Each structure stands twice: as structure tokens, then as C-alpha cells.
Amino acid sequence: MPGSDILEAIRRGEARLGQGLDALVRQVDEQLMAAERQGLAQMLRAWPGAAEGRPEKPEALAEGLAALLEQAGAARRADMFDSLKPAAKAGAFGLACGIVAAFVLDIVVYGTAWAGPEALHWILAGTPALLLAGFGYRQARRPTRRSRALFKGLIALPVGGLGSVILLLAAAVAVDDAKGGSALDRVDPAWLVLALVVTAMLGGAIAAAWAMRRAWRRWDEAP
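Small disclaimer: the values here were computed from a predicted structure and weren't measured.

Conventions and cut-offs
Residues numbered from 1 in each chain as written. Predicted model: local features only at pLDDT ≥ 70, side-chain atom pairs only at ≥ 80, totals over all residues. Heavy atoms only, no water. Helix = DSSP H or I, 4+ residues; strand = E, 2+ residues; numbered from the N terminus. Rg over C-alpha atoms; globule rule 2.2 N^0.38 Å. Buried < 20%, exposed > 50% of the residue type's maximum accessible area, 1.4 Å probe, protein only. Contact = heavy atoms within 4.5 Å. Areas by Shrake-Rupley, 256 points an atom, 1.4 Å probe, with all protein chains shown as cover. Lys, Arg positive; Asp, Glu negative; His and termini not counted. Charge placed at Lys NZ, Arg CZ, Asp CG, Glu CD. Core = buried A, V, L, I, M, F, W, Y, C linked by side-chain atoms within 4.5 Å. pLDDT = per-residue confidence, 0-100. Salt bridge = Lys/Arg side-chain N within 4 Å of Asp/Glu carboxyl O.

**What to know about the overall build of the chain**
Alright, step 1. From N to C terminus, the chain includes 8 helices and 0 strands.
Alright, step 2. When the helices and strands of the chain are placed in sequence order, the string is α-α-α-α-α-α-α-α.
Alright, step 3. Taking 17 Å as the expected radius of gyration for a compact globule of 223 residues, we find that the chain reaches 25 Å, considerably beyond that expectation.
Alright, step 4. Principal-axis analysis of the C-alpha atoms places the extent of the chain at approximately 80 × 45 × 30 Å.
Alright, step 5. Here the chain holds 223 residues, and the buried ones make up 30% of them.
Alright, step 6. Within the chain, residue pairs in contact and separated by at least 24 positions form 68% of the contacts whose partners lie at least 6 positions apart.
Alright, step 7. Summed over all atoms, the accessible surface of the chain reaches about 13600 Å², with 66% contributed by carbon and sulfur.
Alright, step 8. Here the chain holds 25 positive side-chain charges and 22 negative ones, and the gap between their average locations is 4 Å.

**Considerations on the nonpolar core**
Alright, step 1. By size, the foremost hydrophobic cluster in this structure holds 17 residues, and its most contacted members are L7, L17, V25, L40, L44, L61 and L65.
Alright, step 2. Among the elements of the structure, α1 (3–11), α2 (19–31), α3 (37–46) and α4 (58–76) are those that each provide at least two residues to this core.
Alright, step 3. In terms of residue count, the dominant contributor to this core is α2 (4 residues).
Alright, step 4. If sequence neighbours within four positions are ignored, L61 has contacts with L17, L21, M43, W47 and P55.

**What about unusual backbone geometry?**
Alright, step 1. A positive phi is found at K57, a non-glycine position, where the angle reads about 50°.
Alright, step 2. Topologically, K57 is positioned in the loop between α3 and α4.

**Topic: the confidence of the model for the chain**
Alright, step 1. Residue-level pLDDT values for the chain average 84, and 93% of them are 70 or greater.
Alright, step 2. Taken element by element, the predicted model of the chain shows its lowest mean pLDDT in α1 (73) and its highest in helix α6 (residues 118–141) (92).

**Focus on the pattern of salt bridges**
Alright, step 1. Scanning the model with the defined rule gives 5 salt bridges in all.
Alright, step 2. A salt bridge links R11 to D29, with the nearest nitrogen and oxygen atoms 2.8 Å apart. Pair noted here: R11 is in helix α1 and D29 is in helix α2, with a separation of 18 residues, a long-range link.
Alright, step 3. Exposure remark for R11: the relative accessible area of 37% places this residue in the partly exposed category.
Alright, step 4. Classification of D29 as buried rests on a relative accessible area of 9%.
Alright, step 5. The salt bridge involving E30 is made with R146; its shortest N-O contact spans 2.6 Å. Taken together, the positions of E30 in helix α2 and R146 in helix α7 (residues 145–179) put the pair 116 residues apart, joining distant regions of the chain.
Alright, step 6. Judged by its relative accessible area of 54%, R146 is exposed.

Shown next, in the form of C-alpha cells:
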């Protein structure tokens, strides 16, 4: 079986070289860029016995694949200082989500904002901030195609939501000025808030989906 066919079969989840080697091949394949995957196929093609599914000296093959994985990971890995930037971005988003969660919880439970225990506010705000900051740092240090796409979508979510709200308000003001009236003053505030929330959710979801798709497709490009 040609090496490229072995690679395609392993990508589909078929058992070819053994459970451990198959998993290692998938990890290497995911980290390599498109131009480098031919080398992996050639390595499998040239390895004695690999075409029959029973590679000779499997320990040596595992060492070679592990070396390829380390090289590919190092090529994509950001250094410790640069990894702080995505950590800060993800952490800021987590902090904003935590603050909103604390605000909503106080309104629902206590009937007014910031009426709950201060310790609870710190926990609700700090927990998602720390978790997402850790995710941002880890994906920069050890990125995978999935984690990179998820991170890009996470960052695009608030940007898309805020941008869509600004566009909606600008369009509403422009229409109101064109009519020469005060149509916005006659709109029920509850409906206006609902429209803003729905617009922010839709805009954020669209932006996140676009960013994730773009990051997934650009994974094969040079970092």
C-alpha cells in the first residue's frame, strides 16, 4: 500500500500500523503544514513493512514520528512572552463574561445590581478569566488545529457582537434622521434592548463562525 494511502486510511480512523503508531501519525499529520505532509507519506512508504501494516522496528518508527512531532510543534509554538498576548485577550473576554454573569445573578436574586456578596463577584468574574487566560496561553504554546480555530472564534465573538450593535444603532439613527422625526423615542425600551441583545448574539456568532473557518483553512499556511 502506498504511503499516501496509509496516511489517508489513518486519517479516516482505520487501524493500520497499530493503535499507538496510528495515533502518533495523526498527531504528526495535524501539526505538519500541507507542503510537509508529503515527507510523512514518504517516510511511511519507505519504512520496511509499513505497507503491509506490520512495520519493522516499530519502536524506531515511533521515535522518528515523535521527532517529527516535536519539530512541527516547535515551528508553530509561540515563545513564553508572545503567548501572554493571546492569554490576555482570552482572559479579558472571560472577565467580561464573568462580570455580566455576576450582574445578571444579582438582578435575578437580589433585584438590584451589585447587591450580592463581594466574594461571589470575585469568583464569578475571576474564574472564567483565569480559565480562558490559561486556554489562550496553552494554545499559543502547544497549538492544534482545533484549539487555534476555537481561540480565533472566541476572540471574534465579542468583536462581532459589539460591531453589529454599533452598526444597528448607526442605521437606526440614520433612518430616524432621514425621516426627520423621533421614531426611536416611541420605541419601547424593552424591545430596543431585546433587539440589541439579539443583534449582538447573531453578529458575534457569525463573526466567530467566520473566524473559526478562516483559522481552520489557514492552518496549513506558514505560522
